[in-house]
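Structure at a glance
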Amino acid sequence: AQVFGPLEVKVIDGGTFNANGNLTLNGGQLARTATGSFNLATDKSLTIQNGGNLLIRLSDVQPNGDQTSGSLEIGRTGRGFVIVQPGGTLTAERILQGGPVGTVANPESKITLGGAGAGVSTLTSNGQTSLRRTTQLTGPNVAFTSTGALTMSNQHTLFADITGATHSSIKVPVSPASP
């Protein structure tokens, strides 16, 4: 995995950051902001370690009036992997997970939250969250919140890796049931 030093991840002019290598944020990079969209595809990963904090936000309005969504796209055109370790924080305007169905040799896109260690693994979507592949919550110290609609397709797998007497939940606002 490629570890970036104390440099800020920036998407210039509301563009899109396409990971062409694996990206790891550690505690030395306490707060980073990516404006625009953040795409993980073609077997790339994003790891937020203890003390790491990545905010993917809506871009500033460009002179031509365009604005980029602030989306975290995980494997939409390939396979992508997001890991938020204990003590790490990842926030996006919306989270979209997809990609091809996995095999033993080529696992499908996955979000992994929690694990051994101190601290809470925090993943927040400030809007829509669409999960179409695999999500794993390990232990009681995971804070996964979607303030907008949460969709788990019939191709989504949710793993609850229970390691203690209590376990984490996925938090979403109350909304009316769909017919």
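Residues numbered from 1 in each chain as written. Predicted model: local features only at pLDDT ≥ 70, side-chain atom pairs only at ≥ 80, totals over all residues. Heavy atoms only, no water.

What follows covers the overall build of the chain. Tallying secondary structure elements over the chain gives zero helices and 19 strands in all. By the burial criterion, 44% of the 179 residues in the chain qualify as buried. Intrachain contacts of the chain at a sequence separation of at least 6 include 56% that bridge at least 24 residues. For the chain, the accessible area works out to roughly 8800 Å², and carbon and sulfur atoms hold 52% of it. (Helix = DSSP H or I, 4+ residues; strand = E, 2+ residues; numbered from the N terminus. Buried < 20%, exposed > 50% of the residue type's maximum accessible area, 1.4 Å probe, protein only. Contact = heavy atoms within 4.5 Å. Areas by Shrake-Rupley, 256 points an atom, 1.4 Å probe, with all protein chains shown as cover.)

This part covers the environment of S109. If you trace the backbone, S109 turns up in the loop between β11 (94-97) and β12 (110-114). As a C-alpha pair, S109 and S45 span 64 residues in sequence and 9.5 Å in three-dimensional space. Not counting residues up to four positions away in its chain, the partners in contact with S109 are I74, G75, G78, R79, G80, F81, Q97, G98, G99, R133 and T134. A polar side-chain atom of S109 sits 3.1 Å from the main-chain amide nitrogen of G80. (Polar contact = N/O pair within 3.5 Å; in protein donor to acceptor, adjacent residues only side chain to side chain.)

Let us look at the side chain of S146. Counting through the fold element by element, S146 comes out in strand β16 (residues 142-146). Exposure remark for S146: the relative accessible area of 1% places this residue in the buried category. A polar atom in the side chain of S146 sits 3.2 Å from the backbone oxygen of G127. A distance of 3.1 Å separates the side chain of S146 from the backbone oxygen of G148, its partner in a polar contact. Those residues in contact with S146 that sit more than four places away from it in its chain are S125, G127, Q128, T129, K171, V172 and P173.

Another aspect to go through is the side chain of S71. The residue S71 is located in strand β8 (residues 71-74) in this model. Classification of S71 by relative accessible area gives buried; the value is 0%. Within the structure, the side chain of S71 is placed 2.6 Å from the side chain of R94, a separation counted as a polar contact.

Moving on, we come to the pairing of strand β13 (residues 121-125). Residues in a regular strand project their side chains so that they alternate between the two faces of the sheet. Among the five residues in β13, five count as buried, and that is most of the element. Alternating positions in β13 separate into two faces, S121, L123 and S125 on one and T122 and T124 on the other, with burial throughout. When strand β10 (residues 89-92) meets β13, the two strands line up parallel, connected through four bridges. By the bridge assignment for β13, A92 is matched with S125. By the bridge criterion, five bridges tie β13 to β16 in an arrangement that is parallel. (Pairing = 2+ DSSP bridges.)

With that settled, consider the nonpolar core. Grouped together as the largest cluster of nonpolar side chains are 18 residues, with contacts concentrated most on L72, V82, L90, I95, I111, L113 and L123. Only β6 (44-48), β7 (53-57), β8, β9 (80-84), β10, β12 and β16 provide two or more residues apiece to this core. Non-local contacts of L113, meaning those with residues more than four positions away in its chain, are made with V84, S121, L123, Q136, L137, T138, V142 and F144. (Core = buried A, V, L, I, M, F, W, Y, C linked by side-chain atoms within 4.5 Å.)

Here β8 pairs with β11 via four bridges, running parallel. Paired with S71 across the strands is R94, a residue of β11. Inspection of the sheet shows β11 paired to strand β14 (residues 129-131) by two bridges, in the parallel sense. Paired with L96 across the strands is S130, a residue of β14.

Here the chain shows a mean pLDDT of 76. Residues at 70 or above account for 69%. Taken together, the stretch residues 26-32 has pLDDT below 50 and engages in 27 contacts with residues farther than four places along the chain or on a different chain. (pLDDT = per-residue confidence, 0-100.)

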